[in-house]
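# Architecture and fold: a report
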Amino acid sequence: MLLTEQAYAVIDLPPATPEMLAEFETLPLDPYAGGKQRYRRFSQYRLTFEDDEWRLELLPHRPFIQPPTINSYVGGVRREFEPLRIDPEPQIVAGARALGLDTTTDWQINVHQCRVVANDDVRGVSVPEGPHRDGHEFGMLAVFRRQGIAGGENQLMPTGGGEPFFRVTLEANQALVYDDAKMWHYATDIEPTGPEGGFRDLWIVAFNQWENRKY
(Lines give C-alpha, C1' and ligand atoms only; values in the text may rest on other atoms or scores of the structure.)
Protein backbone atom coordinates (compact mmCIF):
# COMPACT_ATOMS: atom_id res chain seq x y z
CA MET A 1 0.00 0.00 0.00
CA LEU A 2 1.21 3.49 -0.85
CA LEU A 3 -1.54 5.32 1.00
CA THR A 4 -1.05 7.39 4.13
CA GLU A 5 -1.58 5.85 7.56
CA GLN A 6 -5.13 7.17 7.34
CA ALA A 7 -5.61 5.21 4.10
CA TYR A 8 -6.03 8.06 1.63
CA ALA A 9 -3.91 10.19 -0.70
CA VAL A 10 -4.23 12.94 -3.29
CA ILE A 11 -2.42 12.14 -6.53
CA ASP A 12 -1.75 13.72 -9.91
CA LEU A 13 -3.15 11.94 -12.95
CA PRO A 14 -2.05 11.84 -16.58
CA PRO A 15 -3.76 14.88 -18.11
CA ALA A 16 -7.06 14.34 -19.87
CA THR A 17 -6.74 14.54 -23.65
CA PRO A 18 -8.88 16.97 -25.64
CA GLU A 19 -10.83 13.97 -26.94
CA MET A 20 -11.55 12.80 -23.37
CA LEU A 21 -12.68 16.26 -22.29
CA ALA A 22 -14.94 16.51 -25.33
CA GLU A 23 -16.74 13.33 -24.26
CA PHE A 24 -18.01 15.06 -21.12
CA GLU A 25 -20.08 17.24 -23.46
CA THR A 26 -21.89 14.14 -24.75
CA LEU A 27 -22.91 12.55 -21.42
CA PRO A 28 -26.60 11.62 -21.17
CA LEU A 29 -28.67 12.91 -18.26
CA ASP A 30 -28.58 10.68 -15.18
CA PRO A 31 -32.33 10.14 -14.51
CA TYR A 32 -31.66 8.60 -11.08
CA ALA A 33 -29.96 11.63 -9.45
CA GLY A 34 -33.17 13.33 -8.27
CA GLY A 35 -32.79 16.35 -10.55
CA LYS A 36 -31.19 17.63 -13.74
CA GLN A 37 -27.74 18.29 -12.32
CA ARG A 38 -25.86 15.11 -13.20
CA TYR A 39 -24.90 13.49 -16.51
CA ARG A 40 -23.25 10.07 -16.60
CA ARG A 41 -21.82 7.09 -18.46
CA PHE A 42 -20.75 3.83 -16.79
CA SER A 43 -18.48 0.93 -17.77
CA GLN A 44 -16.72 -1.98 -16.06
CA TYR A 45 -13.23 -3.33 -16.71
CA ARG A 46 -10.85 -6.11 -15.71
CA LEU A 47 -7.41 -4.95 -14.60
CA THR A 48 -4.56 -7.45 -14.99
CA PHE A 49 -0.84 -7.14 -14.28
CA GLU A 50 1.20 -8.63 -17.14
CA ASP A 51 4.80 -8.10 -18.25
CA ASP A 52 5.35 -5.55 -15.47
CA GLU A 53 2.40 -3.45 -16.63
CA TRP A 54 -1.26 -3.01 -15.68
CA ARG A 55 -3.60 -3.72 -18.60
CA LEU A 56 -7.28 -2.81 -18.79
CA GLU A 57 -9.91 -4.93 -20.54
CA LEU A 58 -13.47 -3.71 -21.15
CA LEU A 59 -16.12 -6.06 -19.72
CA PRO A 60 -19.60 -6.73 -21.16
CA HIS A 61 -21.94 -3.84 -20.44
CA ARG A 62 -24.41 -4.26 -17.56
CA PRO A 63 -26.78 -2.17 -15.46
CA PHE A 64 -25.37 -0.58 -12.31
CA ILE A 65 -26.92 -1.91 -9.08
CA GLN A 66 -26.15 -1.23 -5.42
CA PRO A 67 -27.83 -2.93 -2.45
CA PRO A 68 -30.11 -0.80 -0.25
CA THR A 69 -27.74 -1.44 2.67
CA ILE A 70 -25.07 0.55 0.80
CA ASN A 71 -27.17 3.14 -1.03
CA SER A 72 -30.33 4.18 0.79
CA TYR A 73 -31.21 6.61 -2.01
CA VAL A 74 -31.43 4.30 -5.05
CA GLY A 75 -30.26 0.97 -3.67
CA GLY A 76 -31.81 -2.03 -5.40
CA VAL A 77 -32.62 -0.05 -8.56
CA ARG A 78 -31.27 -1.35 -11.89
CA ARG A 79 -29.71 1.84 -13.20
CA GLU A 80 -29.27 1.75 -16.96
CA PHE A 81 -26.41 3.93 -18.20
CA GLU A 82 -24.77 4.18 -21.60
CA PRO A 83 -21.14 2.93 -21.71
CA LEU A 84 -18.01 5.07 -21.80
CA ARG A 85 -16.66 5.97 -25.22
CA ILE A 86 -13.11 6.71 -24.09
CA ASP A 87 -10.08 4.67 -22.97
CA PRO A 88 -9.57 5.34 -19.24
CA GLU A 89 -6.49 3.12 -18.91
CA PRO A 90 -3.78 5.79 -18.22
CA GLN A 91 -5.70 7.32 -15.31
CA ILE A 92 -6.86 3.96 -13.92
CA VAL A 93 -3.29 2.64 -13.96
CA ALA A 94 -2.12 5.75 -12.09
CA GLY A 95 -4.75 5.06 -9.43
CA ALA A 96 -3.78 1.38 -9.20
CA ARG A 97 -0.15 2.31 -8.66
CA ALA A 98 -0.99 4.89 -6.01
CA LEU A 99 -3.15 2.38 -4.17
CA GLY A 100 -0.43 -0.25 -4.41
CA LEU A 101 -2.87 -2.86 -5.72
CA ASP A 102 -1.80 -6.49 -5.38
CA THR A 103 -0.25 -7.44 -8.71
CA THR A 104 -0.77 -11.18 -8.16
CA THR A 105 -4.53 -10.95 -8.62
CA ASP A 106 -6.89 -9.39 -11.18
CA TRP A 107 -9.19 -6.51 -10.26
CA GLN A 108 -12.62 -5.40 -11.37
CA ILE A 109 -12.90 -1.67 -12.01
CA ASN A 110 -16.09 0.38 -12.20
CA VAL A 111 -15.82 3.77 -13.89
CA HIS A 112 -18.56 6.40 -13.75
CA GLN A 113 -17.86 9.35 -16.02
CA CYS A 114 -19.92 12.27 -14.70
CA ARG A 115 -20.64 15.94 -15.16
CA VAL A 116 -22.38 17.86 -12.37
CA VAL A 117 -23.88 21.20 -13.44
CA ALA A 118 -25.18 24.19 -11.53
CA ASN A 119 -27.01 27.28 -12.75
CA ASP A 120 -29.93 29.51 -11.82
CA ASP A 121 -32.38 26.69 -12.57
CA VAL A 122 -30.44 23.63 -11.47
CA ARG A 123 -29.02 23.03 -8.00
CA GLY A 124 -25.59 21.44 -8.24
CA VAL A 125 -26.11 18.50 -5.88
CA SER A 126 -22.91 16.45 -5.94
CA VAL A 127 -23.98 13.50 -3.76
CA PRO A 128 -27.76 12.99 -3.47
CA GLU A 129 -27.36 10.13 -0.97
CA GLY A 130 -25.24 12.20 1.44
CA PRO A 131 -22.11 10.95 3.26
CA HIS A 132 -21.62 7.24 2.57
CA ARG A 133 -19.32 4.41 1.56
CA ASP A 134 -19.74 2.52 -1.71
CA GLY A 135 -19.12 -1.03 -0.50
CA HIS A 136 -15.91 -1.55 -2.50
CA GLU A 137 -12.33 -2.23 -1.49
CA PHE A 138 -10.86 1.02 -2.80
CA GLY A 139 -12.19 4.17 -4.42
CA MET A 140 -10.89 7.00 -6.56
CA LEU A 141 -12.53 10.37 -7.15
CA ALA A 142 -10.87 12.05 -10.13
CA VAL A 143 -11.52 15.59 -11.36
CA PHE A 144 -10.72 16.66 -14.92
CA ARG A 145 -12.29 20.11 -15.18
CA ARG A 146 -13.92 22.79 -13.03
CA GLN A 147 -15.55 25.67 -14.86
CA GLY A 148 -17.56 28.58 -13.49
CA ILE A 149 -18.19 27.05 -10.06
CA ALA A 150 -17.37 27.20 -6.38
CA GLY A 151 -17.74 24.25 -4.01
CA GLY A 152 -17.34 20.60 -4.89
CA GLU A 153 -15.10 19.91 -1.91
CA ASN A 154 -14.34 16.23 -1.36
CA GLN A 155 -14.50 15.12 2.27
CA LEU A 156 -13.48 12.00 4.16
CA MET A 157 -15.03 11.20 7.53
CA PRO A 158 -15.25 8.37 10.07
CA THR A 159 -17.44 5.38 9.22
CA GLY A 160 -20.98 6.29 10.19
CA GLY A 161 -20.48 9.97 9.54
CA GLY A 162 -19.30 12.89 11.61
CA GLU A 163 -16.83 15.74 11.24
CA PRO A 164 -14.57 15.26 8.20
CA PHE A 165 -10.94 14.50 9.02
CA PHE A 166 -9.82 15.47 5.49
CA ARG A 167 -11.06 18.04 2.98
CA VAL A 168 -9.76 18.83 -0.48
CA THR A 169 -10.98 20.71 -3.53
CA LEU A 170 -9.48 18.73 -6.38
CA GLU A 171 -8.19 20.62 -9.38
CA ALA A 172 -8.03 19.35 -12.95
CA ASN A 173 -6.15 16.05 -13.31
CA GLN A 174 -6.06 15.37 -9.57
CA ALA A 175 -7.62 12.43 -7.74
CA LEU A 176 -8.38 11.35 -4.20
CA VAL A 177 -7.71 7.63 -3.63
CA TYR A 178 -8.88 5.92 -0.45
CA ASP A 179 -9.65 2.68 1.37
CA ASP A 180 -13.44 2.54 1.09
CA ALA A 181 -13.83 0.07 3.97
CA LYS A 182 -12.18 2.42 6.47
CA MET A 183 -14.17 5.62 5.97
CA TRP A 184 -17.13 7.42 4.49
CA HIS A 185 -16.85 10.06 1.79
CA TYR A 186 -18.86 13.00 0.52
CA ALA A 187 -18.64 15.99 -1.84
CA THR A 188 -20.26 19.35 -1.20
CA ASP A 189 -22.63 20.84 -3.75
CA ILE A 190 -21.29 23.10 -6.48
CA GLU A 191 -22.56 26.64 -7.00
CA PRO A 192 -22.29 28.79 -10.13
CA THR A 193 -20.03 31.81 -9.93
CA GLY A 194 -21.72 33.63 -12.81
CA PRO A 195 -25.04 33.87 -14.65
CA GLU A 196 -23.92 31.40 -17.34
CA GLY A 197 -23.63 28.57 -14.81
CA GLY A 198 -20.84 26.03 -14.50
CA PHE A 199 -19.89 22.39 -14.12
CA ARG A 200 -17.48 19.86 -12.61
CA ASP A 201 -16.24 16.93 -14.73
CA LEU A 202 -15.15 13.86 -12.79
CA TRP A 203 -14.86 10.10 -12.56
CA ILE A 204 -16.05 7.93 -9.70
CA VAL A 205 -13.95 4.75 -9.73
CA ALA A 206 -14.16 1.54 -7.66
CA PHE A 207 -11.53 -1.19 -7.32
CA ASN A 208 -12.37 -4.74 -6.19
CA GLN A 209 -10.30 -7.91 -6.32
CA TRP A 210 -11.68 -10.12 -9.08
CA GLU A 211 -12.90 -12.76 -6.62
CA ASN A 212 -14.89 -10.01 -4.84
CA ARG A 213 -16.21 -8.37 -8.03
CA LYS A 214 -19.54 -6.53 -7.95
CA TYR A 215 -22.58 -6.63 -10.24
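Residues numbered from 1 in each chain as written. Predicted model: local features only at pLDDT ≥ 70, side-chain atom pairs only at ≥ 80, totals over all residues. Heavy atoms only, no water.

### A few points about unusual backbone geometry
The following threshold applies: The helix count covers DSSP runs of H or I at least four residues long, the strand count covers runs of E at least two residues long, and both are numbered beginning at the N terminus.
The residue D51 is not glycine, and still its phi comes out positive at about 55°. Structurally, D51 is set in the loop between β2 (38–50) and β3 (53–58).

### Looking at the packing of aromatic side chains
As a reminder of what qualifies: Think of it this way: a Phe, Tyr or Trp ring, Trp meaning its six-membered ring, pairs with another when their centres are within 6.5 Å, and the plane angle makes it stacked under 30 degrees, edge-to-face over 60, tilted otherwise. Between buried and exposed lies partly exposed: a residue is buried under 20% and exposed over 50% of the maximum accessible area for its type, with that area taken using a 1.4 Å probe on protein chains only. We count a charge as sitting over a ring when the NZ of a lysine or the CZ of an arginine lies within 6 Å of the ring centre and within 35 degrees of the ring normal.
For the structure on display, the rule yields 7 aromatic pairs. Taken together, a centroid distance of 4.5 Å and an interplanar angle of 35° make the contact between Y8 and F166 tilted. Here the residue Y8 occupies a position in strand β1 (residues 8–12), and F166 occupies one in strand β8 (residues 166–168), the gap between them amounting to 158 residues. Judged by centre distance (4.7 Å) and plane angle (55°), the ring pair of F144 and W203 falls under tilted. In this pair, F144 is assigned in strand β5 (residues 138–147) and W203 in strand β12 (residues 198–209), connecting sequence segments 59 residues apart. With a relative accessible area of 3%, F144 lands in the buried category. An aromatic cluster is built from Y8, F165 and F166, whose rings are joined through pairwise contacts. Against the face of F199 rests R115, its NZ or CZ located 3.6 Å from the ring centre.

### What to know about helix α2 (residues 89–99)
The buried fraction of α2 is high, at 8 of 11 residues. Considered for burial, the residues of α2 that qualify are Q91, I92, V93, A94, G95, A96, A98 and L99. Downstream of α2 by a residue or two, G100 has a phi angle that is positive, lying close to 65°.

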